[in-house]
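The chain contents come next:
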Amino acid sequence: MHLISIDDLSAADIENLFSLSDGFLEIASRSIKKVPSLRGRTIINVFLEASTRTQSSFELAGKRLSADVINIKGSSSSVSKGESLKDTILTLESYRPDVLVMRHPQVGASRMATRYTSASVINAGDGTGEHPTQCLLDLYSLRRVYGRLDGLKVAIVGDVLRSRVARSDLFGFRKMGIDVRLVGPPTLMPPGIEYWDVPVYNDLDALEDVDVIYLLRMQLERAKGKVPPVPSLREYSRVWGLSQYRVKPGQRVMHPGPINRGVELSGDLADDERSLILHQVESGLAVRMAILLTAVAPAAEEATG
Amino acid sequence: MHLISIDDLSAADIENLFSLSDGFLEIASRSIKKVPSLRGRTIINVFLEASTRTQSSFELAGKRLSADVINIKGSSSSVSKGESLKDTILTLESYRPDVLVMRHPQVGASRMATRYTSASVINAGDGTGEHPTQCLLDLYSLRRVYGRLDGLKVAIVGDVLRSRVARSDLFGFRKMGIDVRLVGPPTLMPPGIEYWDVPVYNDLDALEDVDVIYLLRMQLERAKGKVPPVPSLREYSRVWGLSQYRVKPGQRVMHPGPINRGVELSGDLADDERSLILHQVESGLAVRMAILLTAVAPAAEEATG
Amino acid sequence: MHLISIDDLSAADIENLFSLSDGFLEIASRSIKKVPSLRGRTIINVFLEASTRTQSSFELAGKRLSADVINIKGSSSSVSKGESLKDTILTLESYRPDVLVMRHPQVGASRMATRYTSASVINAGDGTGEHPTQCLLDLYSLRRVYGRLDGLKVAIVGDVLRSRVARSDLFGFRKMGIDVRLVGPPTLMPPGIEYWDVPVYNDLDALEDVDVIYLLRMQLERAKGKVPPVPSLREYSRVWGLSQYRVKPGQRVMHPGPINRGVELSGDLADDERSLILHQVESGLAVRMAILLTAVAPAAEEATG
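Residues numbered from 1 in each chain as written. Chains lettered and ligands numbered in written order. Predicted model: local features only at pLDDT ≥ 70, side-chain atom pairs only at ≥ 80, totals over all residues. Heavy atoms only, no water.

Peer 1: Sorry if this is basic, but what is going on with the relation of the copies chain A and chain B here?
Peer 2: Each copy of the chain is related to the other by a rotation around an axis and a translation along that axis. For the pair chain A and chain B, the relating rotation is 120°, the translation along its axis is 0.0 Å, and the fit reaches an RMSD of 0.0 Å. Accordingly, the operation relating the two chain copies is best matched by a three-fold axis. (Least-squares fit on C-alpha atoms with pLDDT ≥ 70 in both.)

Below you can see the structure in the form of structure tokens.
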């Protein structure tokens, strides 16, 4: 089983992953946080773009499943010797890994990798393409908090233009019956957004009636050498940045991290009890254990003992 | 249990760690150098400042205790995306680690981390602040060599100004009854040293009657862009560098490593049988296993089987 | 047992390694790809020169043998603080590792390391010196494909000047009875090659009657700041680059990787069924498991169960 796009999964697949995740969440609260499910299996994390949280989440997930995990990182990679991605994947395939977890700066890189390996490929972010495990952990956090997904109202706010999270979340949230809208300045909406068939608002008033405000990270690191889509960070922050005062009592705030305190949200709001940011990280570890286990042994739902 | 400053430990705590270390030292001499004590536990090494020896020592210590160990390093860290230390720690906390081992260029970083995690935090060096596990391994080496600590005379020599080791060693050595003095040029003594209540000498004659000469590393890498505290390395080496001829027959030489051969000591002296430098490294691995075990299971003294 | 040069091994030693490798190759095809042979043993990979494939191959080999593996890499190493190689090795020796796997940009670095450690040292490439595990995996691939080594005809083609693989392969191939010749432009042959006692050809006609064409990687990354030994890559590729059309039906093509598609060989040829490039990678993992096991327990041939 590959996981390249959130559209690779049906609603039933997602529910199965969440049942597994419930077990792993419980295991994470024990003192012995480890199960033997993937002993002797090989997971290779291929991260050809910088990452701390996603990479460490997958590494720890693999280790807690007792798999052998090795990390291939961009800076230490043959890529610096000019090897193509195809040859990198073909080489790793010769080790007969069970799973390749892959992050790459180019859209479509994970999809391409599936052509050259018999391992399960998990897309851990491909440029501005997709980030399906982020969508799954977001959904799992919502399910844990609200007990349901169907009928929730979520606004995804901010830098949609450069966000793979926005794409995966939009598609995955709708699949589970969530009512999604996009909110942000027109310059941060991608060209062709009218074909996404989603309501787009250019005003924070659109947050009034939602259950959850999902703030996107301003992707400052993807701005190099381009005309910036906002006049200045300070101005963006003043108009679009959220503080405690702009969030209503019953609303919840999510963010994929790492957060820019003082840009898309205030530090106060990040630390507010309405924030689910750390809840999401915790969900991520459990969901990724479920994904890895399913990737290796699709029918292993009962193996989490 | 956190270990931020050597002052967090009483003399009795230190003796308990050394009893555990004796067991781990013996295990390191077996062919199977591993015990199951921390199986299923999670140790995260957060090294946001370059390190080889301390990081590898902790990593190996964790693995020989059968823990799951993951390494977060500065260059590959979200820190490059502008995330604050607080958010890095809060994120890692969501994985429910048992121990965070932390090195950071800022004084006080490990102390701050304790606010945001329920894991035990081990300070593996915070700027020019402290390096308590270095102090413990130094004490353990002295205890192994002399059979006692109380009443030993030790001179700490050289770059006190920029040395966290000097600070931790001074405080820890005195706690165990060691008679400590500082020796070096006035420009390498920190401002306010008169409040440390320790004899300071600006002449190598002060080494005459000590048992142990503890040489500090010239922290060349912390000198960037500042007026250098010594006129030139060659001149420093000629006046303050130690060679075999300046060390008396019964004296021992220590150094926290990595050494600058030809600067604070000659290559001959580094390789001399009076040097304890490698003995210290060996002690370090055993002591760090004891620290990790105690951090996870404070009453586990008998678990080293 | 150290493995610094392919000449450290007799033909019988090599045959023993291959018997072990056969077992490990079979294990790699299982779903549980792990044996307990080196449980509790410590392997330190010291890679002070960039590498992906050799480093990951050794790391995975160690983990599948259940050893504790730690990686020391150049960029994160004390080397950046000016520590000498001697002191790095002495420090690591204090951890009592069973094996040091070492890559270093200087010829002779691994040989030097053997002076300062009681661990087995495996040379994973020392500058333009040797790369004996590459030779062993190449031999093992040939043995798997042809069922024999004695009497095979192999042409080693291209950048002999800057290739440690050429050196190790030449010496090792001849030891096993292979008929070797070197082929390439005179400017890519090292000075003094006349003393190697091997036929040298400056024309691709010399490939006519060989069984195997072993293409070397153009070591572009070793060319910095020197007069390039070929006028241009495009010209080199046009004259010396191999495509499908220049390889005869029964011939096989090998390459140590990473390949430069479009330089020493065409992409079509790399992907051709006559190419053994990925077969070599697969052989490498099995051979390295055999080498590590033998390095720790020379008489452990029967331990692969």
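Peer 1: Sorry, what's going on with the pattern of salt bridges here?
Peer 2: Two side chains of opposite charge can pair, provided their charged atoms sit close to one another. Applying the stated rule across the entire model yields 57 salt bridges over all chains. Note that K34 of chain C and D68 of chain A form a salt bridge whose closest N and O atoms lie 2.7 Å from each other. Taken together, the residues K34 of chain C in the loop between α1 (11-28) and β1 (42-47) and D68 of chain A in strand β2 (residues 68-73) connect one chain to another. Residues K34 of chain C and D68 of chain A agree in their burial class; the two are buried. Put simply, K86 and D87 of chain A together with R261 and D271 of chain C are held in one network by salt bridges that share partners. (Salt bridge = Lys/Arg side-chain N within 4 Å of Asp/Glu carboxyl O. Helix = DSSP H or I, 4+ residues; strand = E, 2+ residues; numbered from the N terminus. Buried < 20%, exposed > 50% of the residue type's maximum accessible area, 1.4 Å probe, protein only.)

Peer 1: What am I meant to see in the packing of helix α5 (residues 132-146) of chain C against helix α6 (residues 164-175) of chain C here?
Peer 2: A pair of packed helices is characterised by two quantities: the angle between their axes and the separation of those axes. All names here are of chain C. In contact at an axis separation of 8 Å, α5 and α6 are set at 50° when each is read in the N-to-C sense. Judged on the interaxial angle alone, α6 and α5 are oblique. Note that α5 runs across α6; the crossing there is right-handed. Residue-level inspection shows P132, Q134, C135, D138, L139 and L142 of α5 in contact with α6, the latter providing V165, S168, D169, G172 and F173. Looking at the contact of α5 with α6, its residues break down into 6 nonpolar, 3 polar and 2 charged. (Axes fitted to C-alpha atoms, helices over the stretch in contact; angles between N-to-C directions. Parallel < 35°, antiparallel > 145°, perpendicular 65-115°, else oblique. Left-handed = near helix turned anticlockwise from the far one by under 90°. Contact = heavy atoms within 4.5 Å. Nonpolar A, V, L, I, M, F, W, Y, C, P; charged D, E, K, R; others polar.)

Peer 1: Could you clarify how one ought to interpret the sheet that holds strand β4 (residues 120-126) of chain A in this entry?
Peer 2: Strand pairing in a sheet is mediated by backbone hydrogen bonds. Such pairs are either parallel or antiparallel. Residues and elements named next belong to chain A. Taken in spatial order, the 4 strands make up an open sheet running β2-β1-β3-β4, and their pairing is parallel. On the outer flanks of this sheet lie β2 and β4, each paired with one strand and no other. Recorded for the sheet is a direction-independent mean angle of 15° between the axes of neighbouring strands. Judged from the 6 bridges that link them, strand β1 (residues 42-47) and β2 form a sheet pairing that is parallel. Bridging from a neighbouring strand, I44 pairs with I70 of β2. Helix α3 (residues 85-93) rests against β1, β2 and β3 (99-104) of the sheet, and its axis sits at about 160° to β3. (Pairing = 2+ DSSP bridges.)

Function-wise, these values are silent; they only describe arrangement.
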